[in-house]
Amino acid sequence: MLRLAFVTGTEPGKWFARYRDTTDHGLEAVPSDDPYASLIDDTAHLALLRLPDPRIGEPGEQFHQVRLYTEKPGVAVPKDSVYAEVGEAVRPSDLADEHVNYRFVPGSGSGAGVGTSEGADAATDSASAHVAPFGSDIDELRAALQVVAANVGVAYAPAPLLKVLSKKQVVVLGLRGTGGGAAGAVEESQEAAGAVEVEEAQGAETEIALVWKVEKDSEAIQDFVGVAKGRTRNSSRGRGTSKSGRSRSKSNRYNKSETGAQRKGFSGNRPKRGGRRRRR
């Protein structure tokens, strides 16, 4: 039985169904705000988690990593805001005067729970902002989204994560490229430089990857990696019983077609009724 923990904000149900259908390993899948913890205490053999994560280290050292897809950054805004009404992607600088309830900084291991209405202060460097422990940052984001739903401020995080947690109480918008006018801002002051750095961080993409301990590698894990990477039912590593069943069905279809053709040919050789007789 393969035990897999998958991070909040992912929806791997199709992979689970295909894995169960094409292998005999069995699968126990558990949602988690912090799948890494399940890897460490061995309650999961495999984790679907969000990168970058400084705890993982370099590929092959302690953990194997297979990156699957990229997540775009997003921002949650109140449903009644002008940004929601327009419905277009925004720059973080467009929201500089908004109260920031939550800021997800990739690679920091948490969101920086800061809130301020001043543009420069809203982009406080993540090193000096409050840093939540791993696993609790998503709880902080849940709380922040409730505040946004009450028409107060915004929250930054990967767009798929925001969409899963928002439950249509807020509107999730994409983030446009950052860095416009950054050089001038950096030259003006160190404070502005910190603002640009965090703006770029909150506009950075994240990745979803499969991660497992090097010493725990197994055929069951490799089969799931193959499914997530696009292996189909016709793969050579799929279940032979499924293939043979499909072959029999295909053969039966061919037999039915041949039988139908024979019947059609037989009926075609019959003399037609009501036709004119030849003259003798």
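These figures come from a predicted structure and were not determined experimentally.

Visitor: Any details on the packing of helix 5 (residues 137–149) against helix 6 (residues 159–166)? Residues and values, ideally.
Guide: Their axes nearest at 10 Å, the elements helix 5 and helix 6 cross at an angle of 60°. By the criterion of interaxial angle, the relationship of helix 5 to helix 6 is oblique. Crossing angle aside, the handedness with which helix 5 passes helix 6 is right-handed. Contacts between helix 5 and helix 6 pair Ile138, Leu141, Arg142 and Leu145 from the former with Leu161, Leu162, Leu165 and Ser166 from the latter. Its residues assigned to classes, the contact of helix 5 with helix 6 shows six nonpolar, one polar and one charged.

Visitor: Help me get a handle on the environment of Leu27, residues and values and all.
Guide: Relative to the assigned elements, Leu27 resides in strand 2 (residues 27–32). With relative accessibility at 8%, the residue Leu27 sits in the buried group. Not counting chain neighbours up to four residues away, the residues in contact with Leu27 comprise Met1, Leu2, Leu4, Phe16, Tyr19, Arg20 and Phe224.

Visitor: So what's going on with the nonpolar core? Which residues, and what values?
Guide: Judged by nonpolar contacts, the single largest core of 20 residues is most densely connected at Leu2, Leu46, Leu210 and Phe224. Those elements that provide at least two residues to this core are strand 1 (2–7), helix 1 (13–22), strand 3 (46–51), strand 10 (206–213) and helix 9 (219–228). With six residues, the top contributor of residues to this core is helix 9. Ile138, Ala144, Leu145 and Ala155 belong to the second-largest nonpolar core, a separate cluster that totals 14 residues.

Visitor: Let's hear about the pattern of salt bridges: which residues, and what values?
Guide: One pass over the full model with this rule turns up eight salt bridges. Across the pair Lys72 and Glu205 runs a salt bridge, and its minimum N-O distance is 2.6 Å. Pair noted here: Lys72 is in the loop between strand 4 (63–71) and strand 5 (73–77) and Glu205 is in the loop between helix 8 (190–202) and strand 10, with a separation of 133 residues, a long-range link. With relative accessibility at 40%, the residue Glu205 sits in the partly exposed group. Beyond isolated ion pairs, a larger network of salt bridges with shared partners links Asp33, Asp139 and Arg142.

Reading guide: rules and limits
Residues numbered from 1 in each chain as written. Predicted model: local features only at pLDDT ≥ 70, side-chain atom pairs only at ≥ 80, totals over all residues. Heavy atoms only, no water. Axes fitted to C-alpha atoms, helices over the stretch in contact; angles between N-to-C directions. Helix = DSSP H or I, 4+ residues; strand = E, 2+ residues; numbered from the N terminus. Parallel < 35°, antiparallel > 145°, perpendicular 65-115°, else oblique. Left-handed = near helix turned anticlockwise from the far one by under 90°. Contact = heavy atoms within 4.5 Å. Nonpolar A, V, L, I, M, F, W, Y, C, P; charged D, E, K, R; others polar. Buried < 20%, exposed > 50% of the residue type's maximum accessible area, 1.4 Å probe, protein only. Core = buried A, V, L, I, M, F, W, Y, C linked by side-chain atoms within 4.5 Å. Salt bridge = Lys/Arg side-chain N within 4 Å of Asp/Glu carboxyl O.

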